[in-house]
There are 2 protein chains.
Amino acid sequence: MSQLPEQPAEGPVPTSADVARLAGVSRATVSYVLNNNAAVRISDPTRRRVREAAAELGYVPHAAARSLRAGHSRMVLLPTGNFPSGQLHHRFLHELESGLRRLDYTVVQYGSLGLDADDAARAWAELRPAAVIVPGSVPLAPRGTAVLRRSGAKAVITLGPRPVAGAHALIMDQRKVGDCAVRHLLERGRRRIGVVMPEEPGLALFAEPRLAGARQAAAGTARIEPLPLRHDEESATALAARWRLLGLDAVFAYDDVYAMLLMRALQDTGITVPGETAVVGADDLMLGRLLRPRLSSVRMELDTVQSLADLVDRLVRHPGREPERHDLLSARAVHRESS
Amino acid sequence: MSQLPEQPAEGPVPTSADVARLAGVSRATVSYVLNNNAAVRISDPTRRRVREAAAELGYVPHAAARSLRAGHSRMVLLPTGNFPSGQLHHRFLHELESGLRRLDYTVVQYGSLGLDADDAARAWAELRPAAVIVPGSVPLAPRGTAVLRRSGAKAVITLGPRPVAGAHALIMDQRKVGDCAVRHLLERGRRRIGVVMPEEPGLALFAEPRLAGARQAAAGTARIEPLPLRHDEESATALAARWRLLGLDAVFAYDDVYAMLLMRALQDTGITVPGETAVVGADDLMLGRLLRPRLSSVRMELDTVQSLADLVDRLVRHPGREPERHDLLSARAVHRESS
DNA sequence: TTGAAAGCGTTACCAA
DNA sequence: TTGGTAACGCTTTCAA
């Protein structure tokens, strides 16, 4: 009765052979036409017939078969783990994706949370990507990079606070963030500086270098005091309760969220900000501007995201070079009212 | 001089034939052993020799070749667009991934931002996924689902506020959020309720149903007033400036972030919260608890995430059924101090 | 300008 | 218990 228009009825998937048959040509010709192969001249009527046949059948080429034949893929694999989830990260991801798409790569994310380093590397290698870009939050052992290289990956690139043996590295040197924050506090006359260290496990990778950067910037001129803190109110209240015993006049709070948490607890304890204690966060979140006092922060920028796609492309085309390192991160303090 | 230990030297990628040669057996035997094929009995010494050869060569099977041969893949494709980026979404994603991994599927995310609906569907179809789960933020036309079905996808599932023709639907009915917020405000005696509508384009998909839910809950008993707002301070300040002209005694602010933005602007204008105007957000962010007054919110939960993986599995195994619908979202108001 | 055929890495059937 | 072989869908010589 009612004819359902879009009921593909479980039919077999159309192949280039079906297109060839319908167009009355050979499979070779179909390939030539659909790939716009310039090395061979096909008559216009034939081209049209092939195109129409493909459209009529709803033919879509089979990427696996293609790359099997070609001997290589144009897939760039991006394992994901504990997403840092900031808008910085999203923008970065999106720009990397569109940059690589422009160069005709297919970017694919692969959720690798819960896999150990070796299993994960094997799973990635099964997909035979041309390149793998591994965020710092995803475990990668030197053995993993070896597996990937053997499986034909032209480039293994790590992305994060620190490099991994045998892989290229896009570094986001988090020390700069700590350095920047402390330098800012020093300029404003503070000399006894706490540095919040989140107790959440995934964050140590970022927190440690930030602390190192802070220490480096202080270098003799100021005291640096690490302050463990969990991402909840009790922890912040407890820290605020013993604040005066710590004898600090400033705190770099890892990021804006921890800063907001701590600043609120300090204020609730009767400690004035910035009078008694200056507070600086990082990420320059919009929400920080809504607090009173407005939160000072460290703003991070990633340089040259398009050139990053070009870098990946270069590594894929000329593999086997020495591992390269590039530092992408730049940081600057944004002074508001809390410091 | 210094012998680099992990320099795979651009050698050819080892195949099952190489493993067979090294182990002194046939390719078939290699396949039997490495896949633990129960239908055929292989002697233990042979098993060991094969395993050792594979390990020595660093052999990793080629997923594309395998699924080409098998005629189907176990890939679940998850296109990504404008990531909603809340922790709710991340947790959901991660649980879906591990649930599907447990069922031996490979979950792959494919960044589709900037592609139009038809191009995107074609790009997904090239990968020949067994199933595609399309978030509401990614465009999908009925034609797209047809292309995917023809390419062999057993299940096309949409994930978001509303269904798409021809596809199964995992619905997160955002009306519940608006309903819940307004019901809460009604209970607290408010009758003239503003509803913040973010002007950011991607959010309309969520904002509209929330407004609809709000209207539904108010149904005669209260006035509902949509309030366009951009995600910046000027916009909030402007809205606050004309607040008293609006004659509202409450506002449901779309989510906690917009709520914080607006609440701050209201307070800066001298409007008391909750005295003069009650404010309710959504998402129940931790940061909302740091404000004064603490922000009331609507907490959302996704039911049954593991069973969702099972659902995908069922649809893959028994395709071609009528499109199914499931509503995943539940919402409840969390009363704090701002309402 | 077009076609025939080989081969990419796998697995499943059938024979030995 | 093992091995030979064909086939999956595609591209690319080589030949016509």
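Along each chain, the written sequence defines residue order, and numbers are assigned to residues from 1. The order in which chains are written sets their letters, starting at A; the order in which ligands are written sets their numbers, starting at 1. Given that the model is predicted, a residue must reach a pLDDT of at least 70 before its local features are reported, and side-chain atom pairs must reach 80 or more before they are shown or counted; all residues, however, enter totals for whole chains, interfaces and linings. To get the side-chain values, all heavy atoms of the structure are used, and hydrogens and water are removed first.

What follows covers the sheet that holds strand β9 (residues 278-280) of chain A. Residues and elements named next belong to chain A. When DSSP finds two or more bridges between a pair of strands, those strands are recorded as paired. Only DSSP runs of H or I covering at least 4 residues are called helices, and only runs of E covering at least 2 are called strands; the numbering of each starts at the N terminus. Here we have four strands laid out as an open sheet, ordered β7-β6-β8-β9, and parallel in their pairing. The sheet is open, and its two edges are formed by β7 (223-229) and β9, each paired on a single side. Across the sheet, the axes of successive neighbouring strands diverge by a mean angle of 25°, strand direction being ignored. One ladder, built from seven bridges, connects strand β6 (residues 192-198) with β7; its direction is parallel. Within β7, the position partnered with R192 by the bridge is R223. All axes are obtained by fitting lines to C-alpha atoms, using only the stretch in contact for helices, and the reported angles, taken between N-to-C directions, cover 0 to 180 degrees.

A separate point is the domain arrangement of chain A. Many structure descriptions define interface size as the accessible area lost when the parts assemble. Residue and element names in this part refer to chain A. The start and end points of each domain follow an automatic or database-based domain assignment. Split into domains, chain A comes out as domain 1 (16-61), domain 2 (70-173 + 303-328) and domain 3 (175-300). A quick way to say it: buried area is the sum, across both parts, of accessible area lost when two parts are put together, with a 1.4 Å probe. Buried surface at the junction of domain 2 and domain 3, both sides included, amounts to about 770 Å², of which 56% is carbon and sulfur. It is L88, P161 and D173 that lose the most area in domain 2 upon contact with domain 3, and together they represent 57% of the buried surface on that side. By definition, a salt bridge exists where a carboxyl oxygen of Asp or Glu is found within 4 Å of a side-chain nitrogen of Lys or Arg. Linking domain 2 to domain 3 there are two salt bridges. Residues D327 and K176 are paired through a salt bridge, measuring 2.8 Å at the closest nitrogen-oxygen approach. N or O atoms closer than or at 3.5 Å make up a polar contact, with two conditions inside protein: a donor-capable atom paired with an acceptor-capable one, and, for residues adjacent in sequence, both atoms drawn from side chains. On the surface where domain 2 and domain 3 come into contact, there are three residue pairs in polar contact (both at pLDDT 80 or more). Partitioned by chemical class, the residues of the side of domain 2 that touches domain 3 number two nonpolar, three polar and three charged. Gly falls in the polar group here, along with every residue not listed as nonpolar (Ala, Val, Leu, Ile, Met, Phe, Trp, Tyr, Cys, Pro) or charged (Asp, Glu, Lys, Arg).

As summarised here, the arrangement of the twelve strands in space is β11(A)-β5(A)-β4(A)-β3(A)-β1(A)-β2(A)-β2(B)-β1(B)-β3(B)-β4(B)-β5(B)-β11(B), forming an open sheet in which the pairing is mixed. Unpaired on one side and paired on the other, β11 (325-327) of chain A together with β11 (325-327) of chain B mark the two borders of the sheet. Taking each pair of neighbouring strands and ignoring which way they run, the sheet shows an average axis angle of 20°. As paired strands, strand β1 (residues 75-80) of chain B and strand β3 (residues 131-135) of chain B are joined by two bridges and run parallel to one another. From the neighbouring strand, B:V76 faces β3(B), where its bridge partner is B:A131.

Before going further, it helps to examine the confidence of the model for chain A. A residue's pLDDT is simply how confident the predictor is in it, with values from 0 to 100. Chain-level statistics for chain A give a pLDDT mean of 92 and a share of 96% at 70 or above. What makes two residues a contact is simply this: any of their non-hydrogen atoms within 4.5 Å. Note on residues 1-8 of chain A: pLDDT under 50 across the span, and four contacts to partners over four residues away in sequence or across chains.

Moving on: the relation of the copies chain B and chain A. Overlaying chain B on chain A yields an RMSD of 0.1 Å, the required transformation being a rotation through 180° with an accompanying axial translation of 0.0 Å. Considering both components of the superposition, the chain copies are consistent with a two-fold axis. Of the residues that chain B buries at the interface, 100% are likewise interface residues in chain A, meaning the two copies contact each other through the same surface. Superposition of the copies used a least-squares fit over C-alpha atoms from residues whose pLDDT is at least 70 in both.

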